[in-house]
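# An overview of the molecular structure
So the chains spell out like this:
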Protein chains: 2
Amino acid sequence: MRHSDPLPSWREGATKTAIVDFLDAARSVPVDQRVAVFDNDGTLWCEKPNYVQAEFLLGELDAAIARDPVLGERDEYRAVIENDATLQAELGLERIALALVELCAGIGPGEFDDRVRAFVARSMHRERHVSYRAMRYSPMLELLDALRADDFAVFLVSGGGTEFVRAISQDFYGVSPEGVVGTLVRYEFSRGEDGRPRLVRDAALDASAANEGEAKVANIQRGLGRRPIFAAGNTAGDREMLEYALAHDGPSLALLVDHDDAEREYAYDAQAGTIAFEGDLVEFGRDLGWTIVSIRDDWASVFGP
Amino acid sequence: MRHSDPLPSWREGATKTAIVDFLDAARSVPVDQRVAVFDNDGTLWCEKPNYVQAEFLLGELDAAIARDPVLGERDEYRAVIENDATLQAELGLERIALALVELCAGIGPGEFDDRVRAFVARSMHRERHVSYRAMRYSPMLELLDALRADDFAVFLVSGGGTEFVRAISQDFYGVSPEGVVGTLVRYEFSRGEDGRPRLVRDAALDASAANEGEAKVANIQRGLGRRPIFAAGNTAGDREMLEYALAHDGPSLALLVDHDDAEREYAYDAQAGTIAFEGDLVEFGRDLGWTIVSIRDDWASVFGP
């Protein structure tokens, strides 16, 4: 018998039962196979109206233009600053994203960390006017704790920048930097004038593609070296990762967070991510045996008290 | 005052004092910056007369040729089987290594793990006729424990295959798979006949180069996301990693294991690794402030009782 409910922010119902049943069943799995992976944006914290990382990069852009106004004339930056949907569509999201990544080229990993942490510490969510810390989902934080209480290794597998997520992962989610798999920017080895080795951020990605879709599965092996038996996500970019977790022989669980609560959070389609999906991802996932988390129905509290 | 010596296999002297002083000084470093990285072959376990991974691959080659004798006619394999130094030099180590990696192409990460573990469980060191477990260096195992007792995160940064090292890292060194950075083989995402996603080992490396030299530093950032303040290695492939650790502002330590004990282990030059180094690496390192570990003088015991 459980002495206290480790998931008080989850309403009683089929979803919570599926989670509790999985936790019970997983106690029969060898500890080194108890591996859980979580997407970050839209799964552990709010990703609307804009990814937090995008807000960070916009701040970097403002600062860069303040230093060098000519930068503002560059198409990729103009498209963002003027919020020009036509120009954005013409240039493509990837080209714009890489142009924004360029803003941090030339600095070391330590300085990048410092910038992200300073940004997260000082910034407020654009519409809710609370800290980003307060935009984490309480039910998911409880779930991280419940998994760890049962000796799960808990990892983050994000489409966002690896270093961006690492800068907050320990503080926000209790996940140390080596437990974060994301989209990697290339680092170049170089030496300072004193001959000491150092790493410098490049303007290019380390891999051929962002950490979304099939890449998430390959990067889980690359970075973590174990297969998950639990996965949680919220868009088509998480599809393969959820399928991969569920393909495990033995207890497994795949959670898809459905953003259906315009009142307490945001309401938007699961196919609204950066990877295209034809059809209804929620229905598709249900057919595959995924457990759908309705924010409206399953969460008693979204952001905590 | 210390109640008991955490490093009983280390003889009293300048080397042990340097380690103990570093451990003391590191208690003033924030816990999230207490990061230690260790090379594996020749640093944590014996790499002579042959890398353990090479022995594993030779076993895979024997098995493959038993199944398909024609394979034995392939130049890269013939060079190995016939121990033909001229042919080996002609083909080059990299081409031979990649041909051996090919032997495991097409299998999944789980099966690769199983093969490595089975090999390590059943095999004996070629000359000492003891298990590979018994070929770990006791003084270094004590050092891993001493670092962890002071809340260091301890990682392995090996020139060997990432998955090979991961298969034994928890059991042999208490390091979980995500804490291992090595030379990565590419994995391809695919689907089985039942539509389930799976990963399949490729015959190619994931990166442009093996995890040696400068690549070790970049891959520490890639895979672990934190900079070490302690590093231990034994060849020129560890040079940049040792320099990187020592470049940290604040307490830091770089250890170079010098294999100078033909009686109890093996005696060979530190420049005998896969990366060329002109000159005497031990003298070079001493000039840079590295702490040189003489197996002959500094270790009271090499492999334990």
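Structure: see above.
Overview of the structure.

Reading the values: the criteria
- Residues numbered from 1 in each chain as written.
- Chains lettered and ligands numbered in written order.
- Predicted model: local features only at pLDDT ≥ 70, side-chain atom pairs only at ≥ 80, totals over all residues.
- Heavy atoms only, no water.
- Least-squares fit on C-alpha atoms with pLDDT ≥ 70 in both.
- Contact = heavy atoms within 4.5 Å.
- Buried area = accessible area lost by both parts, 1.4 Å probe.
- Salt bridge = Lys/Arg side-chain N within 4 Å of Asp/Glu carboxyl O.
- Polar contact = N/O pair within 3.5 Å; in protein donor to acceptor, adjacent residues only side chain to side chain.
- Helix = DSSP H or I, 4+ residues; strand = E, 2+ residues; numbered from the N terminus.
- Nonpolar A, V, L, I, M, F, W, Y, C, P; charged D, E, K, R; others polar.
- Buried < 20%, exposed > 50% of the residue type's maximum accessible area, 1.4 Å probe, protein only.
- Lys, Arg positive; Asp, Glu negative; His and termini not counted.
- Pairing = 2+ DSSP bridges.
- Axes fitted to C-alpha atoms, helices over the stretch in contact; angles between N-to-C directions.
- Right-handed = clockwise from strand over helix to strand, strands pointing away.
- Phe/Tyr/Trp six-rings, centres within 6.5 Å; stacked < 30°, edge-to-face > 60°.
- Lys NZ or Arg CZ within 6 Å of the ring centre and 35° of its normal.

## Overview of the relation of the copies chain B and chain A
There are two copies of the chain, and a rotation about an axis plus a shift along that axis relates them. Overlaying chain B on chain A yields an RMSD of 0.0 Å, the required transformation being a rotation through 180° with an accompanying axial translation of 0.0 Å. Expressed as a symmetry operation, the mapping of one chain copy onto the other fits a two-fold axis.

## Observations regarding the interface of chain B and chain A
Contacts between chain B and chain A engage 32 residues on the former and 32 residues on the latter. Here chain B and chain A share an interface that buries about 2,900 Å² over both sides, 54% of which is from carbon and sulfur atoms. Across the chain B-chain A interface, the total number found is eight salt bridges. One salt bridge in this structure joins Asp-206 of chain B and Arg-222 of chain A, with 2.9 Å as the shortest N-O distance. Across the chain B-chain A interface, the total number found is 18 residue pairs in polar contact (both at pLDDT 80 or more). Of all the secondary structure elements, the ones that give two or more residues to the side of chain B that touches chain A are α8 (162–173), β4 (185–191), β5 (197–205), α9 (214–223) and α10 (239–246) of chain B. Among the residues forming the side of chain B that touches chain A, the class breakdown is 13 nonpolar, five polar and 14 charged.

## Details of the side chain of Glu-240 of chain A
Tracing the sequence through the fold places Glu-240 of chain A in helix α10 (residues 239–246). It turns out Glu-240 of chain A is buried and unbridged, and the closest side chain with the opposite charge, Arg-191 of chain B, is 4.3 Å from it.

## Looking at the sheet that holds strand β2 (residues 153–161) of chain B
Residue and element names in this part refer to chain B. Pairing in this open sheet of six strands is parallel, and the strands run β3-β2-β1-β6-β7-β8 from one edge to the other. Edge strands, defined here as strands with exactly one partner in the open sheet, are β3 (180–183) and β8 (291–294). Between one strand and the next, the sheet's axes are offset by a mean angle of 15°, whatever the strand orientation. Examined bridge by bridge, strand β6 (residues 230–233) and strand β7 (residues 253–258) share four bridges and lie parallel to one another. In the strand pairing of β7, Ala-232 is matched with Leu-255.

## Focus on the pairing of β7 of chain B
Residue and element names in this part refer to chain B. Of all six residues making up β7, six are buried, and the element is well covered by its neighbours. Burial along β7 is two-sided: the residues Leu-253, Leu-255 and Val-257 and Ala-254, Leu-256 and Asp-258 are all buried. A crossover connection joins β6 to the parallel β7 through α10; in handedness this β-α-β unit is right-handed. Note: β7 against β8, four bridges, orientation parallel.

## Regarding the environment of Met-124 of chain A
Residues and elements named next belong to chain A. Relative to the helices and strands, Met-124 is located in the loop between α6 (109–122) and α7 (138–149). Sequence separation of Met-124 and Asp-151 is 27 residues, and the distance between their C-alpha atoms is 34 Å. Those residues in contact with Met-124, other than ones at most four positions away along the chain, are His-129, Val-130, Ser-131 and Tyr-132.

## Some words on the packing of aromatic side chains
Residue and element names in this part refer to chain A. The tally for this structure, following the rule as stated, stands at 30 aromatic pairs over all chains. Plain terms: the ring middles of Phe-22 and Phe-152 are 5.8 Å apart, the flat faces sit at 50° to each other, and that makes the pair tilted. Note that Phe-22 is positioned in helix α1 (residues 14–26) and Phe-152 in the loop between α7 and β2 (153–161), a separation of 130 residues in sequence. Accessibility assignment for this pair places Phe-22 and Phe-152 in one class, buried. A ring pair is formed by Tyr-137 and Trp-299, whose centres lie 5.2 Å apart and whose planes are at 50°; its orientation type is tilted. Placement of Tyr-137 in the loop between α6 and α7 and of Trp-299 in the segment after α12 (295–298) is noted, with a sequence separation of 162 residues between them. Since its relative accessible area comes to 0%, Trp-299 is described here as buried. Above the ring of Phe-172, the side-chain terminus of Arg-136 is found at 5.1 Å from the ring centroid.

## Digging into the sheet that holds strand β3 (residues 180–183) of chain A
Sheet strands line up and pair through hydrogen bonds in the backbone, either parallel or antiparallel. All names here are of chain A. An order of β3-β2-β1-β6-β7-β8 is seen for the six strands of this open sheet, with the pairing classed as parallel. Only two strands of the sheet have a single partner each, and these edge strands are β3 and β8 (291–294). Strand-to-strand, the axes of this sheet are offset by a mean angle of 15°, without reference to chain direction. Across three bridges, the pairing between strand β1 (residues 35–38) and strand β6 (residues 230–233) is parallel. By the bridge assignment, Ala-36 is partnered in β6 with Phe-230. Packed on one face of the sheet, α10 meets β1, β2, β6 and β7 (253–258) and runs near 160° to β6.

Taken by themselves, the reported measurements are silent on function.
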